[in-house]
Structures are given as C-alpha cells and as structure tokens.
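Results of the structural survey
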Amino acid sequence: MGFPCLTPCETGNVTVTPGTLVLAGTPIGDIADAPPRLAEELAGADVIAAEDTRRLRRLTQALDVAPKGRVVSYFEGNESARTPELVEELLGGARVLLVTDAGMPSVSDPGYRLVAAAVERDVRVTAVPGPSAVLTALALSGLPVDRFCFEGFLPRKAGERLTRLREVAGERRTLVYFEAPHRLDDTLAAMAEVFGGERRAAVCRELTKTYEEVRRGPLAELAAWAAQGVRGEITVVVSGAPERAAEKPDPEELVRRVRAREEAGERRKEAIAAVAAEAGLPKREVFDAVVAAKHATG
C-alpha cells in the first residue's frame with residue numbers, strides 16, 4: 001500500500017524498506033465528514049497511534065471498520081517516550097497511522113514530534129486530508145480569508161496572554177485561535193483590550209455538530225456575550241489590524257511608550273516588541289529609537 005521509502009536499512013543480513021507514516025484527518029463533529037480513505041487506512045495499518053483509544057474505538061465502530069493492526073495511545077503525556085518506539089516500527093517496514101481526537105494531527109494536537117523524527121530518518125510521511133476546525137471557522141467567519149495566520153491556544157495566565165496578543169496587535173492578516181469554553185470570556189476581554197473593542201471577530205462553536213453556532217460582532221460585544229457562559233468546542237476568528245491612517249508616532253513617543261512598559265515591569269525586549277506591534281512598525285525601528293535616546297542622554 002502506498003509508495004516505499006527510497007532509503008532501505010539493514011537488519012542483520014536482510015534489507016528492510018522503511019514503512020510509511022500516515023497522518024489522518026478525523027471528523028470534528030459529524031461522523032459523515034470522515035474522508036473515504038480513512039476507513040481504508042484504519043483497516044490496513046500495521047500500527048494505529050491514537051490520541052484517545054476509546055474515541056478511536058467509537059470511530060471504527062461508526063465506520064464499521066475492524067482494524068487488523070496494533071493500537072497504541074499517543075497523546076501529550078507520552079508523546080516524547082512513544083515517538084522512538086513508533087519510529088522503530090516505521091524503520092522496520094510498518095505502516096503507522098496517526099489519528100487524533102478531531103481534525104488533523106500536528107495542528108494543536110500530537111504529531112509534530114513523530115513527523116519530525118520520521119523525516120529525520122528518511123521515512124516517507126503522507127496524509128489523508130480531512131476536516132479542519134481552522135479552515136471551517138475561517139470560511140464561516142465572514143472575515144477576510146485571503147491571508148490568515150493560526151495562533152493556536154493562548155497562554156492560560158493573564159499576563160502571558162496579554163503579552164502574546166500584543167505581539168500580534170498590528171498583524172494585518174486574519175487571526176485564528178482555539179480556546180477552551182471556560183476561558184473564552186477572559187480571552188475575548190483581553191482581545192478587546194489589546195486589539196480594540198470594535199475589532200470584528202467571530203466565535204465558532206460546536207462546528208458541524210447539532211448545536212453549531214457562529215456568533216459574529218465586535219470583540220467587546222462578543223466578550224459581554226461570552227461572560228454569560230459558553231459551552232462546546234471553540235474556534236475564534238479575529239479580523240486583522242486596520243491600515244493605519246494616522247502618521248506613525250515620532251521616535252520620542254516610541255521611547256516614551258517603551259519606558260512606560262519597562263516601569264510597569266516588562267523587560268526591554270518585550271516592551272520594544274509590544275510597542276512595535278501597537279504602532280505597526282518593525283521592531284528594529286523602535287529599538288533604534290531607544291538606542292538613539294540612550295546615547296542622547298549620555
């Protein structure tokens with residue numbers, strides 16, 4: 001099944017052709033969205049590495065598939081330890097199928113370490129394309145889709161979350177985030193604080209499921225709505241920063257902003273990055289202004 005890797009390895013006196021790592025997309029809600037090849041791969045894989053073996057069992061039952069291969073767990077807690085084991089399977093000629101709970105492996109889910117390790121050993125890596133919460137939410141948001149960037153989950157701690165948001169405050173591309181429902185109100189409030197309450201956004205909840213909902217509006221309005229409590233799987237899409245009509249701040253103003261942040265406890269490097277993002281300027285320009293001001297004062 002599939003194309004063999006071109007790099008054989010020696011095992012005793014026998015030459016073994018490495019197997020193939022297959023990343024398979026799984027439904028994010030509606031089981032009918034499962035790609036046709038998924039059932040074939042589940043039935044034929046030598047090893048199935050699953051983020052949650054119980055969910056895998058439900059998936060195979062829904063697809064009426066009886067896997068012939070060995071099933072192992074592969075999640076955040078054992079990813080580092082299990083990756084070498086799976087690479088050995090691949091080097092031994094196995095076809096290893098990686099599935100996560102929903103969507104594509106490696107996209108805010110386990111998978112990156114295994115892919116990187118397989119590539120390093122010249123093992124072929126391929127994919128069964130499938131549902132993606134990122135692209136589904138982006139398409140449904142009603143916001144510009146020609147250019148976007150995926151930011152994953154924001155930090156849980158408030159200070160770290162604000163720092164991360166400030167880094168992209170001047171980003172012109174549409175932003176896509178994942179978030180837990182119990183943190184959604186805090187996240188939207190922080191976004192309104194950093195990006196501005198009028199910045200347009202969309203909260204996509206329970207995509208492709210029975211209670212799917214897409215709530216669109218300004219960040220301040222969405223934050224007030226989320227404060228009442230929201231349940232389900234959440235993807236947040238935020239419009240990019242508007243083109244600045246006003247002239248950029250002069251160097252003295254940039255230096256003043258950096259100093260204010262330093263006095264509030266931020267390190268200079270972080271303060272410069274945040275001010276640059278707010279002003280829509282390269283970090284180098286803010287850094288040069290700070291250095292020039294330091295030399296001017298002796």
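In this convention, every chain numbers its residues from 1, walking through the sequence in written order. Per-residue local features of the predicted model are confined to residues with pLDDT of at least 70, and side-chain atom pairs are confined, for both listing and counting, to 80 or more; whole-chain, interface and lining totals are unaffected and use all residues. Excluding hydrogens and water, the side-chain values take into account all heavy atoms of the structure.

Some words on the nonpolar core
Across soluble globular proteins, nonpolar side chains have a tendency to be buried as a group. Remark: nonpolar core denotes a set of buried residues (Ala, Val, Leu, Ile, Met, Phe, Trp, Tyr, Cys) joined through side-chain atoms within 4.5 Å. Whether a residue is buried, partly exposed or exposed follows from its accessible area with a 1.4 Å probe, protein chains only, as a fraction of its type maximum: under 20%, in between, or over 50%, in that order. By size, the foremost hydrophobic cluster in this structure holds 27 residues, and its most contacted members are Tyr 177, Leu 184, Leu 188, Met 191, Phe 195 and Val 238. Each helix is a run of DSSP H or I of at least 4 residues and each strand a run of E of at least 2, with the numbering of both proceeding from the N terminus. At the level of elements, α6 (158–167), β9 (174–179), α7 (184–195), β10 (200–205), α8 (219–226) and β12 (234–238) are the ones that each hand at least two residues to this core. It is α7 that provides the largest number of residues to this core, a total of seven residues. Discounting chain neighbours no more than four positions away, the residues touching Val 238 are Leu 143, Thr 174, Leu 175, Tyr 177, Met 191, Phe 195, Arg 199, Arg 200, Ala 201 and Leu 219. In this structure, Leu 86, Val 87, Ala 94 and Leu 114 belong to the second largest nonpolar core, which totals 19 residues. Contacts: residue pairs with any heavy atoms within 4.5 Å of one another.

Brief notes about the packing of helix α9 (residues 251–263) against helix α10 (residues 268–279)
To obtain an axis, a line is fitted to C-alpha atoms, over the contacting stretch when the element is a helix, and the angle between two such axes runs from 0 to 180 degrees between their N-to-C directions. Put simply, α9 and α10 touch, their axes get as near as 9 Å, and they point 135 degrees apart. In terms of their interaxial angle, α9 and α10 are classed as oblique. The crossing of α9 and α10 is right-handed. The residues of α10 that touch α9, namely those facing Leu 254, Arg 257, Val 258, Arg 261 and Glu 262, are Arg 268, Ala 271, Ile 272, Ala 274, Val 275, Glu 278 and Ala 279. Three residue categories are used. Nonpolar comprises Ala, Val, Leu, Ile, Met, Phe, Trp, Tyr, Cys and Pro, charged comprises Asp, Glu, Lys and Arg, and polar comprises the others, including Gly. Residues of the contact of α9 with α10, tallied by class, amount to seven nonpolar, no polar and five charged. To sort the angles, those under 35 degrees are grouped as roughly parallel, those over 145 as roughly antiparallel, those from 65 to 115 as roughly perpendicular, and the leftovers as oblique. Should the near helix be turned anticlockwise from the far one by less than a right angle, the crossing is left-handed, and should it be turned clockwise, the crossing is right-handed.

Points about the confidence of the model for the chain
Detail in the predicted coordinates should be disregarded across regions flagged by low pLDDT. Within a predicted model, pLDDT stands for the predictor's per-residue confidence, ranging from 0 to 100. Summary statistics for the chain give a mean pLDDT of 91 and a share of 93% for residues scoring 70 or more. Low pLDDT, under 50, characterises residues 1–7; the predicted model gives this stretch 17 contacts beyond four residues in sequence or across chains.

Observations concerning the environment of Ser 73
By the element assignment, Ser 73 lies in strand β5 (residues 70–73). On the basis of relative accessible area, Ser 73 is assigned to the partly exposed category, the value being 21%. In this structure the C-alpha to C-alpha distance between Ser 73 and Asp 52, which are 21 residues apart in sequence, comes to 6.3 Å.

Re the pattern of salt bridges
Note on pairing: side chains with opposite charge can pair once their charged atoms come close. We define a salt bridge as a contact between a side-chain nitrogen of Lys or Arg and a carboxyl oxygen of Asp or Glu at a distance within 4 Å. Going through the model one piece at a time under the given rule, you end up with 21 salt bridges. The closest approach of N and O atoms between Arg 70 and Glu 89, which form a salt bridge, is 2.4 Å. One end of the pair, Arg 70, is in strand β5; the other, Glu 89, is in helix α3 (residues 79–91), and 19 residues separate them in sequence. Exposure remark for Arg 70: the relative accessible area of 44% places this residue in the partly exposed category. Owing to a relative accessible area of 27%, Glu 89 belongs among the partly exposed residues under this scheme. Between Asp 288 and Arg 284 there is a salt bridge; the shortest N-O distance is 3.4 Å. Here the residue Asp 288 and the residue Arg 284 both occupy positions in helix α11 (residues 283–296), the gap between them amounting to four residues, near one helical turn. Via salt bridges that share partners, Arg 166, Arg 261, Glu 266 and Glu 278 belong to a single interconnected network.

Examining the side chain of Ser 239
When you line up the elements, Ser 239 lands in the loop between β12 and α9. Relative accessible area serves as the criterion here: at 11%, Ser 239 is assigned to the buried category. When residues no more than four places from it in sequence are discounted, the contact partners of Ser 239 are Leu 143, Thr 174, Arg 199 and Arg 200.

Section: the sheet that holds β10
By this definition, two strands are paired if DSSP reports at least two bridges between them. With mixed pairing, five strands are arranged side by side in an open sheet as β8-β9-β12-β10-β11. Here the strands that pair on one side only, and so sit at the sheet edges, are β8 (148–153) and β11 (213–218). This sheet shows a mean twist of 20 degrees between the axes of neighbouring strands, independent of strand direction. Relative to β11, β10 is paired through six bridges, and the arrangement is antiparallel. Bridged to Val 203 within β11 is Arg 215. Against the sheet, α7 makes contact with β9, β10 and β12, and its axis sits at roughly 10 degrees relative to β12, the strand it touches most. Here α8 sits on the sheet and contacts β10, β11 and β12; the angle it forms with β11, its principal contact strand, is near 130 degrees.

Here we look at α9
Its 13 residues give α9 an end-to-end C-alpha distance of 18 Å, which sits within 8% of 18 Å, the value for a rise of 1.5 Å per residue. All buried positions along α9 are accounted for by Leu 254, Val 255, Val 258 and Arg 261. Projected down its long axis, α9 carries its buried residues within an arc of 125 degrees, all on one side. Away from its buried face by more than 90 degrees, α9 exposes Glu 252 and Glu 263. Buried residues belonging to α9 abut α6, α10 and α11. Backbone geometry just after α9 places Gly 265 at a positive phi near 110 degrees. One less than the residue count of a helix, multiplied by 1.5 Å, gives the span that helix is expected to have. It is the directions from the helix axis to the C-beta atoms whose arc is reported.

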